[in-house]
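If you want the building blocks of each chain, they are given just below.
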Amino acid sequence: MVEQSELNRLFWHSRRGMLELDVLLVPFVQEVYATLDAENQARYRKLLECEDQDMFGWFMQRGEPEDADLRHIVRMILDRVQPK
């Protein structure tokens, strides 16, 4: 169970001030994060440590992270918003 204080902290860390990132990360943390297993929650927290420009490139699919954990969480977020 994810504590509300952790969700609040992650919510504010997910707000990047770049609209393209905010529209992906904020709903993900609000609607999905609490349902993730511990491994994917750790991946999301790791993602939040990345630079905004790097994340922007990944989410705009102009590249992908070298790190397998980051690649996994980026794909998970993208799969949520892109129709199959």
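Residue numbers restart at each chain and count upward from 1, following the sequence in its written direction. Two thresholds apply to this predicted model, a pLDDT of at least 70 for residue-level local features and 80 or more for giving and counting side-chain atom pairs, whereas whole-chain, interface and lining totals are computed over all residues. As a convention, hydrogens and water are excluded, and side-chain values are obtained from all of the structure's heavy atoms.

Asker: Outline helix α3 (residues 38-48), supporting the account with residue identities and numerical values.
Answerer: Note on exposure labels: buried denotes an accessible area under 20% of the residue type's maximum, exposed denotes more than 50%, and partly exposed covers the range between, all computed with a 1.4 Å probe on protein chains only. Helix and strand definitions follow DSSP, with helices as H or I runs of at least four residues and strands as E runs of at least two, each counted in order from the N terminus. Among the residues of α3, those classed as buried are N40, Q41, R43, Y44, L47 and L48. All buried residues of α3 lie within an arc of 155° about the axis, which places them on one face of the element. Two residues qualify as a contact provided that any one of their heavy atoms is within 4.5 Å of a heavy atom in the partner residue. Against α1 (4-14), α2 (19-31), α4 (52-59) and α5 (68-81) lie the buried residues of α3. The reported arc concerns the directions from the helix axis to the C-beta atoms and nothing else.

Asker: Provide a residue-level description of the environment of S5, including the pertinent values.
Answerer: Tracing the backbone through its elements, the reader meets S5 in helix α1. For the pair S5 and G17, spaced twelve residues apart in sequence, the C-alpha to C-alpha distance is 21 Å.

Asker: Run through the packing of α2 against α4, naming residues and quoting values.
Answerer: All axes here are fitted lines through C-alpha atoms, helices being fitted over the stretch that makes contact, and every angle between N-to-C directions spans 0 to 180 degrees. Relative to each other, α2 and α4 sit at 75°, their axes nearing to 10 Å. Taken as axis vectors, α2 and α4 run roughly perpendicular relative to one another. In contact with E20, L21, L24 and L25 of α2, α4 contributes D52, M55, F56 and F59. Should an angle lie under 35 degrees it is considered roughly parallel, over 145 roughly antiparallel, and from 65 to 115 roughly perpendicular; all remaining angles are considered oblique.

Asker: Let's hear about the confidence of the model for the protein chain: which residues, and what values?
Answerer: The score called pLDDT rates the predictor's confidence residue by residue, from a low of 0 to a high of 100. Per-residue confidence for the protein chain averages 95 on the pLDDT scale, and 99% of its residues sit at or above 70. Of all helices and strands in the protein chain, the one with the weakest mean pLDDT is α1 (94), whereas α3 scores best (98).

Asker: Give a description of α4 that names residues and reports values.
Answerer: Those residues of α4 not exposed but buried are M55, F56, G57, W58 and F59. The inward-facing, buried residues of α4 abut α2, α3 and α5.

Asker: Could you give an account of the pattern of salt bridges, naming the residues involved and the relevant values?
Answerer: By definition here, a salt bridge exists when the distance from a side-chain nitrogen of Lys or Arg to a carboxyl oxygen of Asp or Glu is within 4 Å. In this structure the tally under the stated criterion is eight salt bridges. With a closest N to O distance of 2.8 Å, D67 and K46 form a salt bridge. Placement of the pair is D67 in the loop between α4 and α5 and K46 in helix α3, with a sequence separation of 21 residues. Between R75 and E64 there is a salt bridge, with the nearest N and O atoms lying 3.3 Å from each other. Here the residue R75 occupies a position in helix α5, and E64 occupies one in the loop between α4 and α5, the gap between them amounting to eleven residues. By relative accessible area, R75 is classed as partly exposed at 42%. Here the salt bridges share partners, and the residues they tie into one network are E39, R43, K46, D67 and D69.

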